[in-house]
Amino acid sequence: MSGKVDEATDQAAAKAPTGVLAGLVRTARPRQWIKNILVLAAPFTASRLTETAVLADAGIAFVAFCLAASAVYFVNDTLDVEADRAHPKKRNRPIAAGIVPTRLAWVISVVLFLGALGVSFVASWQLAVVIGVYEVVQLGYCFGLKHQTVIDLCIVASGFLMRAIAGGAAAGIPLSQWFLLVTAFGSLFMVSGKRYAEIKLFEKTGAKIRASLAKYSATYLRFVWATSAAIVIMTYGMWAFEIRQDHHDSAWSSVSMIPFVIAVLRYAVDVDGGTAGAPEDIALKDRVLQILGVAWVATLALAVYI
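Just so we're clear, the structure is a prediction, and the values are computed from it rather than from any experiment. (Residues numbered from 1 in each chain as written. Predicted model: local features only at pLDDT ≥ 70, side-chain atom pairs only at ≥ 80, totals over all residues. Heavy atoms only, no water.)

1. Concerning the overall build of the protein chain
Note the threshold: The helix count covers DSSP runs of H or I at least four residues long, the strand count covers runs of E at least two residues long, and both are numbered beginning at the N terminus. Exposed residues in this analysis have more than 50% of their type's maximum accessible area, buried residues have under 20%, and partly exposed residues fall in between, with area computed by a 1.4 Å probe over protein chains only. The contact criterion used is simple: two residues touch if any of their non-hydrogen atoms lie within 4.5 Å. Only the protein chains shown count as cover for residues, with accessible areas throughout obtained via the Shrake-Rupley method and a probe of 1.4 Å.
Within the protein chain, the secondary structure is distributed over 14 helices and 0 strands. Each helix (α) and strand (β) of the protein chain, taken in turn from the N terminus, gives the series α-α-α-α-α-α-α-α-α-α-α-α-α-α. Across the 306 residues of the protein chain, 45% fall into the buried class. Taking contacts inside the protein chain between residues at least 6 apart in sequence as the whole, the part at least 24 apart equals 73%. A total of about 15,000 Å² of accessible surface is found on the protein chain, and carbon and sulfur atoms cover 69% of it.

So, in structure tokens, the structure goes:
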């Protein structure tokens, strides 16, 4: 039965090439590419972002992650096509709606995966390794690890960490251990916060949630994001002191701790209220958080560039 549905939808989609193209773009999720700006983190904090060669390598890392991440979306949507068709919102996804044929989705995913690896080699083999690891981990997530308690949280958070690592790998910039810890636990804080918000929404409204969340409780996720918040604040303090020592004892790195800590606590208010469903939405709506973010970036820039 499933094969007949796929065949029928494939034939319908083939009659509308313009619709297929638009569907491919939607499935690639270009809005999510903003996450890949994290590749600039390592060059920025190493005060090398103004170097043309470094910026070019970071740009290559950005493109590679855009291709790899989009490939993952194609795989994920293809594997979940039947479940998505039964979902009130996800059934409108191009693959589930029959706009993009499943066979074409598989082909595009392979092309994007290989393209990401090919592009990464232009910068360095180290970047290619990071991209390769990212692709393997994300494929594992799509093919079943997303249903494994705790593992799913760690895999989603690792995606942000690998983006930060990629910027350093592409440009040959050594990464501070504190930088890696801040990125890792900051990512876990946001991911667990998002899951906590989904649990709270389910408790309040009975809204449908992802199957993997059924294995978590709100109290457990609250423990995870609270612990992550504490660790990210502590490790950022250690990193700030390290930056101060490396940049002529500049006090700006210490000052940057003020907006950073306040921003984490401000974001935690949204998490605790169960409204942290999409971090990018909160950042765009919360003016105070935006001001704190600008102040943090400004003080950190003064610390590493002055």
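2. Focus: the UniProt feature "transmembrane region" (unreviewed entry) in the protein chain
Operational definition: UniProt positions are given in the numbering used here, feature names are shortened, and annotations may be inferred rather than shown by experiment.
The UniProt record annotates "transmembrane region" (unreviewed entry) at residues 53–75, 95–117, 123–143, 150–172, 178–197, 218–239, 251–268 and 288–305. Note that residues 53–75 is 100% helix and 0% strand, and that its end C-alpha atoms are spaced 33 Å apart. Secondary structure across residues 150–172 divides into 91% helix and 0% strand, with the first and last C-alpha atoms of the span separated by 32 Å.

3. What about the layout of surface pockets?
Put simply, the test is: Grid points spaced at 1 Å and placed over the protein atoms alone form the basis of the search, with a cavity being a set where a 1.4 Å probe fits but cannot get out and a pocket an open set showing protein on both sides within 12 Å along at least five of seven lines. Lining residues have an atom within 4 Å of a point. Grid points are joined across faces, edges and corners, and a volume is the space filled by probe spheres set on the points.
Taken as a whole, the second largest pocket holds about 200 Å³ of empty space. T45, A46, P174, S176 and W239 are, among the 13 residues lining the second largest pocket, the residues nearest its centre. Elements with a minimum of two residues in the lining of the second largest pocket: α3 (41–45) and α10 (218–246). Residue contributions to the lining of the second largest pocket peak at 4 residues, all from α10.

4. Observations concerning the side chain of N76
Looking at the element boundaries, N76 is found in helix α4 (residues 52–79). Given a relative accessible area of 15%, N76 falls into the buried group. When neighbours within four sequence positions are excluded, N76 is seen to be in contact with R93, C142 and K146.

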